[in-house]
Amino acid sequence: MAKAAARTKNPARTSVWLQGKAARGGARKGDQPSGLDRERVTEASVRLLDAEGLAKFSMRRLAAELNVTAMSVYWYVDTKDDLLELALDAVCGEMRLPQWETPEGPEGKASAAAATGEAWRDHLRALAHEYRSLLLRHPWISPLVGRYLNIGPNWLAFAVAIQQTVRRTGLPAHTQNGAISAVFQFVYGFGTIEGHYMARCAEAGMTQEEYYRESVGTVEDELSAPGVPDSAKELLAARDGTTVEEMWERDFTIALDLMIAGIEALLTRPAPPG
């Protein structure tokens, strides 16, 4: 019994998406007077997480938002983790995933193969931009991405889109996971840091421009001290004349271009001698 319980609690095998078809639908025991269903509960969870953040989210707070008792919520999920996992997959569905054309016939297949050489770059950029935008719209996603298996339908569709795109680069199979990690762990880190900055601005009651001007003034005072490298001053000066949003966009685009250039470099690297 103890071993069975330990297996049940194993986080590598625990997910709301592994609880069976009945658990994915509505209530476990039948309809409730509240008129809720799992979709409405998930939508309310997303609204609450967007408005108040992950730290304040609780089953009791969600029940108050829905104007029901906390026990009513438990008819649709077993735990708060179930709700967070459902919310995580729900917002993932907001991303617009590029689709690969699959024309029929020899001529269609040949033209599709020729176009693939360029299309993977556009698809990779599109996926990266969609993921970054998602992280910024819902900052509570960042700490949850690594907590769950992410095997809901929307996360699986996102993962498949990434895998299909990287496979079409022509990289050998043993390098494709590294390419995926390079691009999308970069996007995760960039979007998370950008989201933290936006949160600090909101907490300070400032716009991004106001917060930047205040912080730059402090930094410039420090940079005037002896011993500060000129390169730091040059980097700060290079940002003049653009808005904060433009700076984020420029830095993201340049970094993403470097990632794609890295993939291209791998494609042209000579094979090691046998």
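Structure: above.
Residues numbered from 1 in each chain as written. Predicted model: local features only at pLDDT ≥ 70, side-chain atom pairs only at ≥ 80, totals over all residues. Heavy atoms only, no water.

Peer 1: Tell me about the packing of helix α6 (residues 80–92) against helix α9 (residues 153–167), and name the residues and values.
Peer 2: The geometry of α6 relative to α9 is characterised by a closest axis approach of 7 Å and an angle of 50 degrees between their N-to-C directions. As the angle between them shows, α6 and α9 are arranged oblique. Seen along the crossing, α6 lies across α9 with a hand that is left-handed. Each of Leu 88, Asp 89, Ala 90 and Cys 92 in α6 lies in contact with α9, whose residues at this interface are Pro 153, Asn 154, Trp 155 and Phe 158. Broken down by class, the residue content of the contact of α6 with α9 amounts to six nonpolar, one polar and one charged. (Axes fitted to C-alpha atoms, helices over the stretch in contact; angles between N-to-C directions. Helix = DSSP H or I, 4+ residues; strand = E, 2+ residues; numbered from the N terminus. Parallel < 35°, antiparallel > 145°, perpendicular 65-115°, else oblique. Left-handed = near helix turned anticlockwise from the far one by under 90°. Contact = heavy atoms within 4.5 Å. Nonpolar A, V, L, I, M, F, W, Y, C, P; charged D, E, K, R; others polar.)

Peer 1: Just give me the short version of the pattern of salt bridges, but keep the residues and values in it.
Peer 2: Applying the stated criterion across every chain yields a total of nine salt bridges. Two residues, Arg 132 and Glu 249, come together in a salt bridge whose shortest N-O distance is 2.9 Å. Here Arg 132, found in helix α7 (residues 106–137), pairs with Glu 249, found in helix α13 (residues 244–268); they are 117 residues apart in sequence, far enough to count as distant. You can call Glu 249 partly exposed: its relative accessible area is 34%. A single network of salt bridges, built from pairs that share partners, joins Glu 52, Arg 61 and Glu 65. (Salt bridge = Lys/Arg side-chain N within 4 Å of Asp/Glu carboxyl O. Buried < 20%, exposed > 50% of the residue type's maximum accessible area, 1.4 Å probe, protein only.)

Peer 1: Account for the packing of aromatic side chains, naming residues and giving values.
Peer 2: Scanning the model with the defined rule gives eleven aromatic pairs in all. An angle of 90 degrees between the planes, with centres 6.3 Å apart, marks the rings of Tyr 131 and Trp 155 as edge-to-face. Placement of Tyr 131 in helix α7 and of Trp 155 in helix α9 is noted, with a sequence separation of 24 residues between them. When its relative accessible area of 7% is taken as the criterion, Trp 155 is described as buried. For the pair Phe 190 and Trp 248, a centre-to-centre distance of 5.5 Å together with 80 degrees between the ring planes defines the contact as edge-to-face. Within this pair, whereas Phe 190 is found in helix α10 (residues 173–204), its partner Trp 248 is found in helix α13, the two being separated by 58 residues in sequence. With relative accessibility at 14%, the residue Phe 190 sits in the buried group. Note on Trp 248: relative accessible area 17%, which makes it buried. Through successive ring pairs, a cluster of aromatic residues spans Phe 186, Phe 190, Tyr 197, Tyr 211, Trp 248 and Phe 252. (Phe/Tyr/Trp six-rings, centres within 6.5 Å; stacked < 30°, edge-to-face > 60°.)

Peer 1: Requested: an account of the packing of helix α3 (residues 38–52) against helix α4 (residues 59–66), with residues and values cited.
Peer 2: The contact between α3 and α4 brings their axes to 10 Å, and the two run at 110 degrees. When the axes of α3 and α4 are compared, the pair comes out roughly perpendicular. Residues Arg 40, Val 41, Ala 44, Ser 45, Arg 47, Leu 48 and Glu 52 of α3 touch α4, and the partners they reach there are Arg 61, Leu 62, Glu 65 and Leu 66. Residue composition of the contact of α3 with α4, by class: five nonpolar, one polar and five charged.

By themselves, these observations are geometric and do not establish any function.
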